[in-house]
Amino acid sequence: MLDRRLAATARARRALGELAGRPLNFDPDALAAEGPPAGWNVDDYRQQLAPEPPGKPVPGASFEIARRLMCDYAFADPAIVRAVFDPDSGLANRNMLLQARFGPLRFFLGCRVGVIADEERAIDGRAVRIWGWSYGTLAGHFERGQMDFAVWKWLDDGAVEFRIHAVSRRAQVGNPLVRLGFRLVGRRQQVRFARRACERMGALVERELARAASAARTTGRSPRRPA
């Protein structure tokens, strides 16, 4: 989620502005061709969300809530990563300044939103509705690669999932102390970020559904939470 307090600092505003001129530090086509070359980490994570009735996503239910939370980057645990971006610029090609937090240390890292997926697919004969987006690392980042975030709804049984797909490897870092520190804890932090993002998404969706159900009881209206 946008850290408004951090975004108000001159240092963060300046660092975010500098991202516009930075290229990606990897070749997306090389990763998308036939899978990444040797030496790249490939990780997949999945979090079950509250199910919906079969069929298209239900307004106000899990799929729609997760989509909104994803637009806000709300699934990121602020104890691990905090984000600065322009919420008025839209999601496409959004530059994101991430503040990575390693104990008492803080580092600014840049990413840019790339592909935005909004489609229905058939997988093993099952129809699934998918919405999501990815970001890639920019020059100066400690890592090279891309993370994809998506919410899936299986239309036959109503199951809803939050998924993360990550392809990454360490980047060349000039500072030897930073390079050593990231070599020791970077991979562990990356895995921790993804796992916590899944847990947090599940908890946030449950909380919003509970609030909607409580408000519906107060007003006497039926909540949209699926049975």
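Check the entry above for the structure.
Note that the structure is a prediction, hence the values are computed from the model and not measured.

Tell me what's going on with the pairing of strand β6 (residues 143-154), and back it up with residues and numbers.
Among the twelve residues that make up β6, nine are buried, leaving the element largely enclosed by the rest of the structure. Summarising the sheet, strand β5 (residues 126-137) and β6 pair through nine bridges and their orientation is antiparallel. Of the residues in β6, the one forming a bridge with Trp 131 is Val 151. Counting the residues between successive antiparallel strands, the hairpin from β5 to β6 contains five residues, one of them, Gly 140, with a positive phi of roughly 100°. Looking at chain direction, β6 and strand β7 (residues 160-170) are connected through eleven bridges and run antiparallel. Residue pairing in the sheet places Lys 153 in a bridge with Val 160 of β7.

Describe the packing of aromatic side chains, with residues and values.
Any aromatic ring pair is given by two values, namely how distant the centres are and how the planes are angled relative to each other. Counting across every chain of the model gives twelve aromatic pairs. Between the aromatic rings of Tyr 73 and Tyr 135, the centroid separation amounts to 6.0 Å while the plane-to-plane angle is 50°, which identifies the pairing as tilted. Here Tyr 73 is found in the loop between α4 (62-71) and β2 (81-84), whereas its partner Tyr 135 is found in strand β5, with 62 residues between them in sequence. Its relative accessible area of 1% is what places Tyr 73 among the buried residues. Between the aromatic rings of Phe 75 and Phe 149, the centroid separation amounts to 4.8 Å while the plane-to-plane angle is 40°, which identifies the pairing as tilted. Of this pair, Phe 75 sits in the loop between α4 and β2 while Phe 149 sits in strand β6; the two residues are 74 residues apart in sequence, bridging distant segments of the chain. Looking at Phe 149, the relative accessible area reads 1%, which means it is buried. Connected via pairs of aromatic rings, a cluster forms that spans Tyr 73, Phe 75, Trp 133, Tyr 135, Phe 149 and Phe 162. In this structure, Arg 126 packs its charged tip against the face of Trp 154, placed 4.2 Å from the ring centre. Looking at Arg 163, its charged tip hangs above the ring of Trp 152, at a distance of 3.7 Å from the centre.

Requested: an account of the sheet that holds strand β1 (residues 41-49), with residues and values cited.
Reading across the sheet, the seven strands line up as β1-β7-β6-β5-β4-β3-β2 and stay open at both edges, with antiparallel pairing between neighbours. Among the strands making up the open sheet, the edge pair consists of β1 and β2. With strand direction ignored, the average angle separating the axes of adjacent strands in the sheet is 25°. Alignment of β1 against β7, held across nine bridges, turns out to be antiparallel. By the bridge assignment for β7, Gln 48 is matched with Glu 161.

Basis of the calculations
Residues numbered from 1 in each chain as written. Predicted model: local features only at pLDDT ≥ 70, side-chain atom pairs only at ≥ 80, totals over all residues. Heavy atoms only, no water. Buried < 20%, exposed > 50% of the residue type's maximum accessible area, 1.4 Å probe, protein only. Helix = DSSP H or I, 4+ residues; strand = E, 2+ residues; numbered from the N terminus. Pairing = 2+ DSSP bridges. Phe/Tyr/Trp six-rings, centres within 6.5 Å; stacked < 30°, edge-to-face > 60°. Lys NZ or Arg CZ within 6 Å of the ring centre and 35° of its normal. Axes fitted to C-alpha atoms, helices over the stretch in contact; angles between N-to-C directions.

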